[in-house]
Amino acid sequence: QQAKYNKPSLSNMRKSQWELSTGMKTDDKFISIEADKNLGICYLLRDTYLSKGVSEHLGDATVYQRLTKTEALNRHRVLSFKVSIFIAKWKKKGQLSKAERLFLIESTRKYPNNLSRFRMSLKAHKNPWKMRPIVCCAGTMMNNLSRWLDYWLQKLKPFLPTYIKDSHSLLEELKSLGVLPPNARVWTADAVSMYTNICTTHAILVIGLWLDDLRSQLPNDFPLDAVKEAMVLVMTNNIFEWVDLYFLQLLGTAMGTSAACMWATIYYSVHESGRLIPLYGNHLLLFKRFIDDMFGIWIGDDLSWTNFKNEANN
C-alpha cells in the first residue's frame, strides 16, 4: 500500500522533449532559470540572459554603481569593521542581548568575505517578457544583521493600519462585511518596481521619524536607536557580484536582504497613515495591503476617488 503512494507520477513530457531538455542543460550556450508565478523552468540563450541583465537592470548607473573587485572587497572589509563597532556600541548601551550579540559576531567570523550574488528570474507572464532582479544574500555577514533588523521590524506590525497577514485573513475580513452598499467599488493596486523606486535617503528619514513618534508606545525592550542605525547599514551597503562584475546598489530597498519586505511595507505605511487614511478613510470601507499589493472597497464620490488615486500614486 505504501509503495503505491510512493510511485512517481508519469511525466507529461515526450521523449524528444526530455532529450532536448537534457541536451540544453549541458550546453553552456543556454541557461535555465525559473519563471515567476510558478510557471516552471525557462531556457534562455546565455548571451540573451547577460544582455538583459545589463539593459534592464545593472546598466542603470542611477541605481547600481559598478565597482572593481578590489573596491568591492575593500568596501566589504570596511563594512565588517562597522558591524563590529555596531555590536560593541549597542552591547555597551544595553540594546543587544547576549544571544543577539553572539548571533551578529558569528556572522563576521563565519562569512568574512562572502558577497551577495545577483541573478534573475523571468516574468514569462508579461508581454513583452522581462527579467526580475534577485539578490541572494544568504550566507553573508550583512544578512545576519538584516535578519536581526527584520526580527525587530516585525514587532511593528500592530502599528501598520493596512497590514494583512495573508489571503485567508483578507477573506475573513470580507466575510465580516456582509452585503456591500450599491455604490461600493472593489479596487486593487500594485506598485511598479516597489523596492528600487523607494528613495533610500527619504525612507531612512521618514521611517526614523515615524519610529521616534512611536517611542512611547513601543515595548520596553525595543532597541530603537540600534534599529535606526542598522537600517542605515543594511540599506546603504548592498554589495553584490554578478559573473565577474561587482556592484553597489545606490537606490531603493536593499534587494535580497531579510529586512527588505518589512522595510518597504513600513515605508508606504507612513504614507497611508499620514495622508491616505486621514484624507480618505471615511470613503474606504476596506483598505488592506500585502507588501505592494493593495485591495480596497471604495464608497465615496467620483472626485474624491480621482484624488485618492493620485495620492496613492504619489
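The sections below set out a description of the structure shown in this document. (Residues numbered from 1 in each chain as written. Predicted model: local features only at pLDDT ≥ 70, side-chain atom pairs only at ≥ 80, totals over all residues. Heavy atoms only, no water.)

1. Side note on the packing of aromatic side chains
The geometry of two aromatic rings is summed up by the distance between their centres and the angle between their planes.
So, step 1. In total, this model carries 17 aromatic pairs according to the counting rule given.
So, step 2. Measuring from ring centre to ring centre gives 6.0 Å for tyrosine 64 and phenylalanine 240, while their planes differ by 85 degrees; the resulting arrangement is edge-to-face. Placement of the pair is tyrosine 64 in strand β3 (residues 64–67) and phenylalanine 240 in strand β7 (residues 239–242), with a sequence separation of 176 residues.
So, step 3. When its relative accessible area of 5% is taken as the criterion, tyrosine 64 is described as buried.
So, step 4. Residue class for phenylalanine 240 comes out buried when judged on its relative accessible area of 0%.
So, step 5. Relative to tryptophan 152, the ring of tyrosine 151 has its centre 5.1 Å away and its plane inclined at 85 degrees; by these criteria the two rings are edge-to-face. (Phe/Tyr/Trp six-rings, centres within 6.5 Å; stacked < 30°, edge-to-face > 60°. Helix = DSSP H or I, 4+ residues; strand = E, 2+ residues; numbered from the N terminus. Buried < 20%, exposed > 50% of the residue type's maximum accessible area, 1.4 Å probe, protein only.)

2. Quick word on helix α9 (residues 224–235)
So, step 1. End to end, α9 covers 17 Å across 12 residues, agreeing with the expected 16 Å (1.5 Å per residue, within 8%).
So, step 2. All of the buried residues in α9 are Leu224, Ala226, Val227, Ala230, Met231, Leu233, Val234 and Met235.
So, step 3. Contacts from the buried residues of α9 go to α4 (69–92), α6 (141–154), α8 (200–214) and α10 (260–280). (Expected span 1.5 Å × (residues − 1). Contact = heavy atoms within 4.5 Å.)

3. Brief notes about the sheet that holds β7
So, step 1. Within the open sheet, the five strands sit side by side as β3-β8-β7-β4-β5. Their pairing is mixed. With one partner strand each, in any of the chains shown, β3 and β5 (130–136) form the two edges of the open sheet. Taken pair by pair, the neighbouring strands of this sheet meet at an average axis angle of 40 degrees, ignoring direction.
So, step 2. Helix-sheet contacts for α4 involve β3, β7 and β8 (245–249), and the interaxial angle to β3 is about 110 degrees. (Pairing = 2+ DSSP bridges. Axes fitted to C-alpha atoms, helices over the stretch in contact; angles between N-to-C directions.)

4. Quick notes on the pairing of β5
A regular strand carries its side chains on alternate faces of the sheet.
So, step 1. Bridge count between strand β4 (residues 116–123) and β5: seven bridges; the pairing is antiparallel. Its bridge partner lying in β5, methionine 120 is registered against proline 133.
So, step 2. Two successive antiparallel strands, β4 and β5, enclose a turn made up of six residues.

5. Some details on the sheet that holds strand β6 (residues 185–190)
So, step 1. On the basis of which strands lie adjacent, the open sheet formed by three strands has the order β6-β10-β9 and antiparallel pairing. Strand pairing shows two members of the sheet lacking a second neighbour, β6 and β9 (284–290), which therefore form its edges. The sheet shows a mean angle of 10 degrees between the axes of neighbouring strands, taken without regard to direction.
So, step 2. Relative to strand β10 (residues 293–298), β9 runs antiparallel, the two sharing six bridges. Counterpart to phenylalanine 287 in the pairing with β10 is glycine 296.
So, step 3. The sheet contacts of helix α7 (residues 167–177) involve β9 and β10, and relative to β9 the element is tilted by about 175 degrees.

6. Overview of the pattern of salt bridges
So, step 1. In total, this model carries 14 salt bridges according to the counting rule given.
So, step 2. Glutamate 34 is the partner of arginine 119 in a salt bridge, and the nearest nitrogen-oxygen pair spans 2.8 Å. Here the residue arginine 119 occupies a position in strand β4, and glutamate 34 occupies one in strand β1 (residues 30–34), the gap between them amounting to 85 residues.
So, step 3. Across the salt bridge formed by arginine 289 and glutamate 272, the nearest N and O atoms sit 2.7 Å from each other. A residue pair is termed long-range when its members are at least 10 positions apart, and arginine 289 in strand β9 and glutamate 272 in helix α10 qualify at 17 residues. In this structure, arginine 289 and glutamate 272 share a single accessibility class: buried.
So, step 4. Among the ionic contacts, a cluster of salt bridges with common partners joins Asp212, Arg215, Asp225 and Lys228. (Salt bridge = Lys/Arg side-chain N within 4 Å of Asp/Glu carboxyl O.)

7. Some details on the side chain of glutamine 95
So, step 1. Topologically, glutamine 95 is positioned in the loop between α4 and α5 (98–110).
So, step 2. With a relative accessible area of 19%, glutamine 95 lands in the buried category.
So, step 3. Excluding its chain neighbours within four sequence positions, the residues that come into contact with glutamine 95 are Trp90, Glu100, Trp148, Pro223, Leu224, Asp225 and Ala226.

8. Section: α4
So, step 1. With 24 residues, α4 should reach 34 Å at 1.5 Å per residue; the first-to-last C-alpha distance of 35 Å fits that figure.
So, step 2. Buried within α4 are the following residues: Ala72, His76, Leu79, Ser80, Val83, Phe86, Ile87 and Trp90.
So, step 3. Buried residues belonging to α4 abut β3, α5, α6, α9, β7 and β8.
So, step 4. Remark: glycine 94 follows α4 within two positions and exhibits a positive phi of approximately 75 degrees.

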